[in-house]
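Commentary on secondary and tertiary structure
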Amino acid sequence: MYTISNRLKTFSIILIVLGVLGVAYGFMTSHKSLEEVKTMLVEEHAHDGGHETSVQEHTESAGSEHADVSQDDKHTKHVQEQIAKRPWSAMYVSALFFMTIALGVLAFYAIQIASQAGWSPVLFRVMEAISAYLLPGAIIVILLAVGSHYIGHHNEIFVWMNPDVVADDKLIQNKSRYLNITAFLIRAIIFIGGWCTYWYFARKFSIAQDNAEPGDIRNFKKSFRIAAGFLVFYLYTESIMSWDWIMSVDPHWFSTLFGWYVFSGMIVAGITVIAMVAIYLKGKGLLPLVNDSHIHDLAKYMFGFSIFWAYLWFSQFMLIWYANIPEEVVYFVSRIEDYKLPFFGMLVLNFVFPFLILMHSDYKRVPWFVMMCGVVILIGHYVDLFVMIMPATVGDRWYIGIPEIGSILLLGGLFLLVVFTSMTKAPLTPKGNPFIKESENFHY
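Computed from a predicted structure; not experimentally measured. (Residues numbered from 1 in each chain as written. Predicted model: local features only at pLDDT ≥ 70, side-chain atom pairs only at ≥ 80, totals over all residues. Heavy atoms only, no water.)

**Focus: the overall build of the protein**
What counts is decided by this rule: By definition, any uninterrupted DSSP run of H or I lasting at least four residues is a helix, any uninterrupted run of E lasting at least two residues is a strand, and each is numbered from the N terminus. Radius of gyration here is computed from C-alpha atoms only, and the compact-globule reference equals 2.2 Å multiplied by the residue count raised to the power 0.38. The contact rule is simple, with two residues in contact once any of their heavy atoms fall within 4.5 Å. When charges are counted, neither His nor the chain ends are considered; positive counts come from Lys and Arg and negative counts from Asp and Glu. Lys charges are placed at NZ, Arg charges at CZ, Asp charges at CG and Glu charges at CD.
Per the secondary structure count, the protein includes 17 helices and zero strands. For a compact globule of 444 residues, the expected C-alpha radius of gyration is about 22 Å, and the protein comes in at 24 Å, within 12% of that figure. In terms of its C-alpha atoms, the protein occupies a principal-axis envelope of roughly 85 × 45 × 45 Å. Sequence separation of 24 or more characterises 83% of the internal contacts of the protein that already satisfy a separation of 6 or more. Once the 30 positive and 36 negative side-chain charges of the protein are each reduced to a mean point, those two points are 17 Å apart.

Right, here's the structure in full:
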């Protein structure tokens, strides 16, 4: 394990270095003067309307458009701010992506313990290691959210942090007792503190059970009790977190299904990463007790929660579309008009592809097949978060380029570094869990 871990640490560091370079490039190229933005807008307008005009007409048209754009300094400044927000938003989407994976795995881990599942204990150390990223991942999310306000000028990911916007917006003013930085940070501390406290004690009791005397299951009982309590805390805080950290990028819009929608995405992504890490470690001979039936069950969860995600996506979309209330439907109008490809593409990635590929029971037992499907699901989960955040921050100035790829590499490298470092801290197979024999002999 240590040899593999060292190789992965080296690989992770390479990803982090490449990611830092990409993120740095994104920030360096995101600050444009008003004149540069005006020139860019003129070129865009000329390109859009110049295909069917002569050279002289094109020049005259560009000149008149330049005059129009020059008069519209407010629009130009708005575009300038959108461009400046792009690297912040790219980092924030990637930070949410990896943080929600860790949180989804922690919730799934707690469900297994609270339900006293007999099939999954051989995978507990994998779940514990993946969820170890939750603390650094959540801190990064908060630092980006607040840092985008205090660093630079009008880079806010959340417009309610911009006092100039709040001063002219009665609706945000009415929500200011909830949507303010102090309350945001207090709630974040409560969320992160509760989640990570559970992870700490669950991990502690899990390792302590390994070293307990035969027949002594006191630590297992402690794990059961705190898992049940954590799940109640998680159900409340996950919903509020999704409102605070994701939905409030559009403070004029809300959905009562949003907490469940975010939950469905994080749980399917978390289970997918569990399956992919387990397959990788089993291929290296480090999880000998994991068999095809364990992989099959993980793939069934990937299949089932992909359908659950699609059900919630459709429920939210259909109800808002059918009601056609202006302040609600504007959320989807902006995404369909400016993000048509990712908006509808994620349906294929998150639902159609997993549904068709994982429907056949035999395919769920083929490791490379599950890995391939897992990659597609994770890409779909990233695109889902991308579509949640980017329309509210960069508008139609989106693109998946160096800042986005650099952010994925940077935080993906950190994710791998934390996860596989955590795996070296304890044996990969729990020894004292009372269900370990049942899990070892799990076949069907």
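Read on, since the account is not over.
**With respect to helix α5 (residues 124-131)**
Note the cut-off: Classification of residues uses two cut-offs on accessible area relative to the type maximum, computed with a 1.4 Å probe and protein chains only: under 20% is buried, over 50% is exposed, and between them is partly exposed.
With eight of eight residues buried, α5 is to be regarded as a mostly interior element. Taken residue by residue, α5 has F124, R125, V126, M127, E128, A129, I130 and S131 as its buried positions. Those residues of α5 that are buried lie in contact with α4 (73-114), α6 (134-150), α9 (181-210), α11 (258-283) and α16 (402-423).

**Here's the deal with the packing of α4 against α16**
The condition that has to hold: Geometry is summarised by axes, namely lines fitted to C-alpha atoms with helices restricted to the contacting stretch, and by angles between N-to-C directions that run from 0 to 180 degrees. Helix crossings fall into two classes, left-handed where the near helix is turned counterclockwise from the far one by less than a right angle and right-handed where it is turned clockwise. Any residue that is not Ala, Val, Leu, Ile, Met, Phe, Trp, Tyr, Cys, Pro, Asp, Glu, Lys or Arg is counted as polar, Gly included; the first ten are nonpolar and the last four charged.
Direction vectors running N to C along α4 and α16 enclose 35°, while the axes themselves pass 9 Å from each other. For the pair α4 and α16, the sense of crossing is right-handed. Contacts between α4 and α16 pair R86, A90, M91, S94, A95, F98 and I101 from the former with P403, E404, S407, I408, L410, L411, G412 and F415 from the latter. Tallied by class, the residues present in the contact of α4 with α16 amount to 10 nonpolar, three polar and two charged.

**A closer look at the packing of α4 against α5**
Contact geometry for α4 and α5: axes closest at 8 Å, N-to-C directions at 145°. α5 is crossed by α4, and the crossing has left-handed handedness. Counted together, I101, A102, V105, L106, F108, Y109, Q112 and I113 of α4 and F124, M127, E128, I130 and S131 of α5 form the full contact between these two elements. Residue composition of the contact of α4 with α5, grouped by class: 10 nonpolar, two polar and one charged.

**Side note on α9**
Convention followed: Helix span is expected to be 1.5 Å times the residue number reduced by one. Here a polar contact is taken to be a pair of N or O atoms separated by no more than 3.5 Å, where protein atoms must pair a possible hydrogen donor with a possible acceptor and residues adjacent in sequence count only if both atoms sit in side chains.
Helix length check: α9, at 30 residues, gives a terminal C-alpha distance of 43 Å against a target of 44 Å (1.5 Å per residue), a fit within 8%. At the N-terminal boundary of α9, the capping side chain belongs to N180, with an oxygen 3.3 Å from the backbone nitrogen of T182.

**Quick word on the pattern of salt bridges**
Filter applied, for reference: One speaks of a salt bridge when a side-chain nitrogen belonging to Lys or Arg is within 4 Å of a carboxyl oxygen belonging to Asp or Glu.
Scanning the entire structure with this criterion turns up 11 salt bridges. One salt bridge connects R125 with D210, and the closest N-O pair in it is separated by 2.9 Å. Of this pair, R125 sits in helix α5 while D210 sits in helix α9, placing them 85 residues apart in sequence. In this structure, R125 and D210 share a single accessibility class: buried. A salt bridge links D216 to R218, with the nearest nitrogen and oxygen atoms 2.9 Å apart. D216 gets classed as buried once you look at its relative accessible area, which sits at 18%.

**Overview of the packing of aromatic side chains**
Just so we agree on the cut-off: Any two rings among Phe, Tyr and Trp, with Trp reduced to its six-membered ring, count as a pair given centres within 6.5 Å; such a pair is stacked if its planes are under 30 degrees apart, edge-to-face if over 60, and tilted if neither. We call a charge positioned over a ring when the NZ of a Lys or the CZ of an Arg lies within 6 Å of the ring centre and within 35 degrees of the ring normal.
Enumeration over the complete set of coordinates arrives at 45 aromatic pairs. Ring centres 5.7 Å apart and planes at 50° place the aromatic pair F158 and W160 in the tilted group. Each member of the pair, F158 as well as W160, is classed as buried. Geometrically, the ring pair formed by Y339 and W398 is stacked, given 5.1 Å between the ring centres and 20° between the ring planes. With Y339 in the loop between α13 (326-338) and α14 (340-358) and W398 in the loop between α15 (367-393) and α16, this pair connects stretches of sequence that are 59 residues apart. Given a relative accessible area of 25%, W398 falls into the partly exposed group. One aromatic cluster is present, formed by W253, F258, Y261, W309, W313, F317, Y331, F332, F343 and F344 through successive ring pairs. The positively charged end of R187 is found above the aromatic ring belonging to Y178, 3.6 Å away from the centroid.

**Considerations on the side chain of S439**
If you trace the backbone, S439 turns up in helix α17 (residues 436-440). Apart from the residues lying within four places of it in its own chain, the contact partners of S439 are G118, W119, S120, P121, V122 and H294.

**Focus: unusual backbone geometry**
Backbone geometry places Q116, a non-glycine residue, at a positive phi of 50°. Positionally, Q116 belongs in the loop between α4 and α5. On the accessibility criterion, Q116 (35% relative accessible area) is partly exposed. We note that N324 has phi near 55°; this positive angle belongs to a residue other than glycine. Along the chain, the position of N324 falls in the loop between α12 (292-323) and α13. Classification of N324 by relative accessible area gives exposed; the value is 52%.

**Quick notes on a nonpolar patch on the surface**
Selection rule: Like-charged residues within 9 Å of one another, or nonpolar side chains (Val, Leu, Ile, Met, Phe, Trp, Tyr) within 5 Å, are grouped into patches, provided each residue has over 30% relative accessible area and no salt bridge. For every accessible area listed, the method is Shrake-Rupley and the probe measures 1.4 Å; residues are considered covered only by the protein chains on display.
There is a patch of nonpolar side chains on the surface, built from I13, I14, V17, L18 and L21 and spanning about 460 Å² of accessible area. Assessed through its relative accessible area of 46%, I14 is described here as partly exposed.

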